[in-house]
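Chain by chain, the residues:
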Amino acid sequence: MIGSPKPKFIFGSLIPNLKWVSAGPSQLPPHPIDHLRAFFNGNKDTRHSDYELTLVSALKSCSSLLALSQGQQIHSLVFKSGLLSNIFVKNSLISFYVKCGLISNARSLFDTCSVLDPVSCNIMLAGYAKSGSLDNARHLFEKMPIKGCVSYTTMVMGLAQNNCWLEAIGVFKDMRFAGVIPNEVTLASVISAYSHVGGILNCRMLHALAFKLGLEALNIVATNLVHMYCVCSSLGNARVLFDEIPERNVVTWNVMLNGYSKSGLVDLARDLFERIPAKDVVSWGTIIDGYVQIERLGEALRMCRSMLRTGVGPNEVMIVDLISACGRSMAVSEGQQFHGIIVRTGFDCYDFIQATIIHFYAACGEIDLAFLQFELGSKDHVSSWNALISGFVRNGMIEQARQLFDEMPERDVFSWSSMISGYSQNEQPDLALQLFHEMVAGGVQPNEITMVSVFSAIATLGTLKEGRWAHEYILSNSIPLNDNLNAALIDMYAKCGSITTALKLFYEIQDRVSSVSPWNAIICGSAMHGHANLSLKLFSQLQRVRIKPNSITFIGVLSACCHAGLVEAGEKYFKGMKNLYNIEPNIKHYGCMIDLLGRAGRLKEADEMIRKMPMKADVVIWGTLLAACRTHGNVEIGERAAENLAKLDTSHGAGRVLLSNIYADAGRWDDAFLVRRAMQSQRMKKSPGCSGVV
């Protein structure tokens, strides 16, 4: 038990020169500090009829102020006065310790209760939930003899706040089954839980329940319902409900604004934004982020300036989002203006902001400015070093990245991962694996990002034995297998020649996949191994799940069509990219189509497609067409393909060999001889083929 406090230690700097004598004035001042001043300055007649009320009020004030020392001294007074058996005083003490975060102290007092008092239980339940001690909360909730609205609400809220949404919904259903009527806090909490589960029917059910209970007009309930409608992409219903709310606060406005912004309806968001009576930094940040998401950076910049003119300053999240967006869009001018705003508002002193600026300049190819920012800023934090290393890697400056890496005073997992990724991306897989083994030997635990680069390097080398070792390493070291890492694993096994293992891995994770990356890896891997029908079957399965294919998916699909000679299917998939999925074909997709048409002997169509391409054909496309002309003996188109190939790469020996063979097949020996002699005079050579799979 806490000993008797000394008079000089009572309030310290909070309320100086107070006596610690206790009494119970009939009327307490309204402010918590005044409560405590009155309490400690009073007389010490513990027999006063209002003494217990005074103690409870003083403890409540200590809870509000988080005045731990003073509350503990009152605890001593309670103990000395023999009032610890008073349930009202004891509950106040339990509540005080809970609000101060001392759950173990609260638990010690609670365990002295001879009978489980509902109020005591609710206080402890709230303490457990707030501190994340859900197992203790569940145990207490189960053994509570009486559960009222407060008990159920506390449990639902605690579970929802700790991301146990399905369990929170289950407790709410038990509450309804028990006949306990929920209040506005219960409903708001369960709506929040359902928002993470989704489903427009659930949203409508909760809306109907709120209407039935007469709670739909309360701001806390209505705002959460608006949010859930927005999450369910039912913006029309959200807006109708929003317009019906009698008194909207800034949170309500921001929720509706966020719904429009996240859906890309930035013009509707702007109209709503202009109507907000009192905009806060969240309002400004939401509309600015809406413009950023659709890459209207000029508008985002103008809104940022308007915000500053109103006296509202940006927060660090907004600044990072804006600069990062400029980096993604390579919008140098806008990014430099945001950089100016950062300097004027003093955010350049933050370490992570400095790293973001370095990353922005590097992403825009302004590596000199990135290096200047690094030199001018503080070098005491590793994030700026990592940003510049990543920038050098992005710009193909591997030697400079390695030099900076070697100069680092300390390295974290991101430093190693950036350097390994740089070697892997720049066709130096041996160095990537060498650095990875140095990292492991140095006691640095790699993460999933590191391992993605490692598997990419192994896939390039085709060393299946190394790949199996790395796979075993991530399993034995409990490295989380996210979608990207699973995709890298599948891709590695496919490129190292073990498509069976790749398929086995995919089927094991298929039901848990939430992104398209693993699907792409197995579709492309199957196509690469000539299993065209399997690849197209997998694509059909992908179309039946709620995952949208991307441009990489269609490279695998079109490659499969090439291997199987499915021209009509390939044309259907190619047209469906734009019509069904709004994906613009890039040069690789056109390359697949040229290959598909060329293999089928439809050379005129292939030639016509090249003429109509929205981009200029590269060496690969002209080479593909030339090879098809050799196969099908088309001299005219072959000559044109060879001519364009020579313009792009004057030293392309393989193209000259193909043209010579086309002439020879057509019996034009003189022309074939001239091509061969030109190759000899220019000392051209055709590179021999090789296999990297070990």
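These figures come from a predicted structure and were not determined experimentally.

As a further point, take helix H35 (residues 603-612). By the burial criterion, the buried members of H35 are Leu603, Ala606, Asp607, Met609 and Ile610. When H35 is viewed along its axis, its buried side chains cluster within an angular range of 160° and face the same direction. Set apart from the buried face of H35 by more than 90 degrees, the exposed residues are Lys604, Arg611 and Lys612. In this structure, the buried side of H35 is in contact with helix H33 (567-581), helix H34 (587-599), helix H36 (619-632) and helix H37 (635-648).

Turning next to helix H17 (residues 297-309). The terminal C-alpha atoms of H17 lie 18 Å apart, and with 13 residues this matches the ideal 18 Å at 1.5 Å per residue to within 8%. Burial in H17 covers these residues: Leu297, Ala300, Leu301, Met303, Cys304 and Met307. Down the axis of H17, the sector holding all buried residues measures 165°, keeping them to one side. The inward-facing, buried residues of H17 contact helix H15 (266-275), helix H16 (281-293), helix H18 (316-329) and helix H19 (332-345).

Applying the stated criterion across every chain, the model contains 17 aromatic pairs. Ring geometry for Phe141 and Tyr152: centres 5.4 Å apart, planes at 80°, overall edge-to-face. In this pair, Phe141 is assigned in helix H7 (residues 134-143) and Tyr152 in helix H8 (residues 149-161), connecting sequence segments 11 residues apart. With respect to class, Phe141 is no different from Tyr152; both count as buried. Between Phe436 and Tyr473, the aromatic rings sit 6.0 Å apart at their centres with planes inclined by 85°, giving edge-to-face as the arrangement. Here Tyr473 lies in helix H27 (residues 464-476) and Phe436 lies in helix H25 (residues 429-441), a separation of 37 residues in the sequence. Each member of the pair Phe436 and Tyr473 is classed as buried.

What follows is about unusual backbone geometry. In this structure, Ser233 is a non-glycine residue whose phi angle is positive, near 60°. Following the sequence through the fold, Ser233 ends up in the loop between helix H12 (219-231) and helix H13 (235-244). Although it is not a glycine, Ser478 sits at a positive phi angle of roughly 55°. Structurally, Ser478 is set in the loop between H27 and helix H28 (483-495). Taking the relative accessible area as the measure of exposure, Ser478 reaches 62% and is therefore exposed.

On to the side chain of Ser283, then. With respect to the helices and strands, Ser283 occurs in helix H16. Assessed through its relative accessible area of 0%, Ser283 is described here as buried. Separated by 2.6 Å, the side chains of Ser283 and Asn254 make a polar contact. Ser283 has contacts with Val250, Asn254, Leu257, Phe273 and Ile276, leaving out every residue within four places of it along the chain.

Considering the arrangement of structural elements, one finds Ser384 in helix H22 (residues 382-394). Those residues in contact with Ser384 that lie beyond four places of it in its chain are Asp351, Gln354, Ala355, Ile358, Phe374 and Ser378.

Cut-offs and rules
Residues numbered from 1 in each chain as written. Predicted model: local features only at pLDDT ≥ 70, side-chain atom pairs only at ≥ 80, totals over all residues. Heavy atoms only, no water. Buried < 20%, exposed > 50% of the residue type's maximum accessible area, 1.4 Å probe, protein only. Helix = DSSP H or I, 4+ residues; strand = E, 2+ residues; numbered from the N terminus. Arc of directions from axis to C-beta. Contact = heavy atoms within 4.5 Å. Expected span 1.5 Å × (residues − 1). Phe/Tyr/Trp six-rings, centres within 6.5 Å; stacked < 30°, edge-to-face > 60°. Polar contact = N/O pair within 3.5 Å; in protein donor to acceptor, adjacent residues only side chain to side chain.

Remember, this is a structural readout, not a statement about activity or role.
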